[in-house]
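A look at the structure
Chain by chain, the residues run as shown.
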There are 2 protein chains.
Amino acid sequence: MYKIEINDFFTSAFSVDCVIFGYSDGEIKALLIQRGMEPYTHFWAIPGDLVYPSEDLPDAAQRILHELTGLENVEMHQSRTFGSPNRHPQGRVITISYFALIRISDFEIKASSWAEKAMWVSLNDIPELAFDHNQILSSTYELLKQKLNNEPICFEMLEQRFTLNEFQQLYEYAFDQTLDKANFRKKIKALPLVPSNESQKNVRHRPAKLFSFDYEKYSSAVQEDNFQFKL
Amino acid sequence: MYKIEINDFFTSAFSVDCVIFGYSDGEIKALLIQRGMEPYTHFWAIPGDLVYPSEDLPDAAQRILHELTGLENVEMHQSRTFGSPNRHPQGRVITISYFALIRISDFEIKASSWAEKAMWVSLNDIPELAFDHNQILSSTYELLKQKLNNEPICFEMLEQRFTLNEFQQLYEYAFDQTLDKANFRKKIKALPLVPSNESQKNVRHRPAKLFSFDYEKYSSAVQEDNFQFKL
DNA sequence: ACTAATTATTGTTTTTTTTACAATAAGTAA
DNA sequence: TTACTTATTGTAAAAAAAACAATAATTAGT
């Protein structure tokens, strides 16, 4: 039998894939790029690329997302790792997926490097993607939904100021159920939402008040009062 | 500037680390090995090793756990991935941690390959471990605790037959709180626990009845009635 | 300025779940 | 048979969630 040497192990590469979620027009969307490079040329894909041999993973995620889509300063969190031996045609490449939620309107996306296009795509309209990216995307979306119930991350994808209805509709979309408006408002009474002076514009009915989420109040409530977000 | 070539990327390795939890004497324990190999010789560590270039990750986890500790047929689930550039002194090695819960009494552990010893260590007595294994262990324990609340995995570490008190004590240990006995029993009324004819032995008081968890009933309840485990 | 339309916002009652606490039953060992 | 200890069941109070209803506020159009 062939004895495997230590150097035989150091023949792999790894990549990060950045699953970026946003919310607009009542739908959750993911940021995708069109590949302008072998393999899977012209396929749509999650923005991702190989990690430099001496680069830390979170740094790589930031760099790669920026190179491909122009997004800067997006803090991402680790999702899952995908490592089937044949997932990449050019060799053994393990990919670590990262994810983040952003406000679509706060960023300008701009395809660059080897990305031909970059585009927000509704989760209802995801085409066949390169590699195992369909699996990565759906698995990360499951993680997102789980976190929506336990962490106040929805405010990262809502507009900075939002109506309570918009807040509610995001949850109704994600969990595919309608919620009682009155009870929803009672539930969120515990959250540090601060009302602004402004209201909705350009609606032909009583405009709703705009709220924003107070992150500072939230984190001190977590620390001091052992508060736990739960929806 | 030096231009990086595709082959420069294929110079990394990756490993899996198998965090195995068990429960005995009222304490959650982890299975550790003592390393008989460079680097970190004689340090205690989570069982883990490099993955073969064409090996799938779950297979690697099974193989490596078996080689080092003798454990066979332990189904593991993915935890997190750790990839700091300097976490391994011999090169860039990313590690994917897997975890499983097992019944300590069902398995015989036996150190082999380059493991000098293998031993169950209470989570209260974890020494300084090799590499970043302390971080891996505590991060995986957090994941375990989260899952304890939402999935019936505790029965994988309890004896096949257990008293309701043992069941309760496991949760009291994990979440460091005392629970009301009467209320705990009401809560678990929804679970498919089947009473056996036998009772505790060798106790100087009324012995408790032994129960076991019916996995089949559980999974059909999940599918048919949309049942959800929650504690 | 008035009206119709629409939605925001608040309130009340009912039901369910959780919590706290108490009482009883059952088995062991002496 | 008795003392002891724990298992098991029950009940009442408190809190949370769900269902439903009513009122208030604002805009657009006449």
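Residues numbered from 1 in each chain as written. Chains lettered and ligands numbered in written order. Predicted model: local features only at pLDDT ≥ 70, side-chain atom pairs only at ≥ 80, totals over all residues. Heavy atoms only, no water.

**Digging into the relation of the copies chain A and chain B**
Overlaying chain A with chain B gives an RMSD of 0.0 Å, the required rotation being 180 degrees about an axis along which the chain moves by 0.0 Å. Taken together, the rotation and translation relating the two chain copies correspond to the operation of a two-fold axis. (Least-squares fit on C-alpha atoms with pLDDT ≥ 70 in both.)

**With respect to the protein's contact with DNA strand D**
The local shell around DNA strand D holds 18 residues, among which Asn183 of chain A together with Lys181, Arg185, Lys186 and His205 of chain B are the closest. Here a base nitrogen of DNA strand D and a side-chain polar atom of Lys186 of chain A are 3.0 Å apart. Between DNA strand D and Arg206 of chain A there is a distance of 3.1 Å, counted from a sugar or linking oxygen to a side-chain nitrogen or oxygen. The set of elements that each furnish at least two residues to the surface near DNA strand D consists of α5 (181-187) of chain A together with α5 (181-187) of chain B. A per-element tally of the surface near DNA strand D places α5 of chain B first, with four residues. Its residues assigned to classes, the surface near DNA strand D shows five nonpolar, four polar and nine charged. (Near = heavy atom within 4 Å. Polar contact = N/O pair within 3.5 Å; in protein donor to acceptor, adjacent residues only side chain to side chain. Helix = DSSP H or I, 4+ residues; strand = E, 2+ residues; numbered from the N terminus. Nonpolar A, V, L, I, M, F, W, Y, C, P; charged D, E, K, R; others polar.)

**Some remarks on the pattern of salt bridges**
With the rule as written, the count across this model stands at 16 salt bridges over all chains. Between Asp25 of chain A and Lys29 of chain A there is a salt bridge, with the nearest N and O atoms lying 3.4 Å from each other. The class of Lys29 of chain A is buried, set by a relative accessible area of 12%. Salt-bridge contacts for Glu198 of chain B lead to Arg161 of chain B; the nearest nitrogen and oxygen are separated by 2.7 Å. Here Arg161 of chain B lies in the loop between α3 (133-150) and α4 (164-175) and Glu198 of chain B lies in strand β8 (residues 193-199), a separation of 37 residues in the sequence. Among the residues examined, Glu198 of chain B registers a relative accessible area of 38% and is labelled partly exposed. Ionic contacts of the salt-bridge type, sharing partners, join the residues Glu55, Arg63 and Glu67 of chain A into one network. (Salt bridge = Lys/Arg side-chain N within 4 Å of Asp/Glu carboxyl O. Buried < 20%, exposed > 50% of the residue type's maximum accessible area, 1.4 Å probe, protein only.)

**Focus: the interface of chain A and chain B**
Across the boundary between the two partners, chain A contributes 30 residues, which contact 30 residues of chain B. Together chain A and chain B conceal approximately 2,700 Å² of surface at their shared face, both sides included; 63% is due to carbon and sulfur atoms. On the chain A side of the interface with chain B, the three residues burying the most area are Phe9, Phe10 and Pro53 of chain A, jointly 24% of the side's total. Of all the secondary-structure elements, those providing two or more residues to the side of chain A that touches chain B are α1 (6-9), β1 (13-24), β5 (77-82) and β6 (93-101) of chain A. Per-class residue counts for the side of chain A that touches chain B are 15 nonpolar, 10 polar and five charged. (Contact = heavy atoms within 4.5 Å. Buried area = accessible area lost by both parts, 1.4 Å probe.)

**Examining the pairing of strand β6 (residues 93-101) of chain B**
Residue and element names in this part refer to chain B. Taken across its nine residues, β6 has nine buried, putting it largely inside the fold. Neither face of β6 is left uncovered, since the one carrying Val93, Thr95, Ser97, Phe99 and Leu101 and the one carrying Ile94, Ile96, Tyr98 and Ala100 both have all their residues buried. Sheet topology note: the strand β1 (residues 13-24)/β6 ladder contains nine bridges and is parallel. Considered in β6, the bridge of Cys18 is made with Tyr98. Note: strand β5 (residues 77-82) against β6, four bridges, orientation antiparallel. (Pairing = 2+ DSSP bridges.)

**A look at the side chain of Arg63 of chain A**
With respect to the helices and strands, Arg63 of chain A occurs in helix α2 (residues 57-69). Beyond its immediate chain neighbours, meaning those up to four positions away, Arg63 of chain A contacts Leu50, Val51, Tyr52 and Glu55 of chain A.

**Describing the domain arrangement of chain A**
All names here are of chain A. When the domains of chain A are assigned, the result is domain 1 (6-150) and domain 2 (158-225). Placing a centre on the C-alpha atoms of domain 1 and another on those of domain 2 gives a separation of 29 Å. The partner domain 2 presents 10 residues to the 13 residues of domain 1 that form the contact. In total, domain 1 and domain 2 occlude about 1,000 Å² of area from one another, counting both sides; carbon and sulfur atoms represent 56% of this. (Domains from an automatic or database assignment.)

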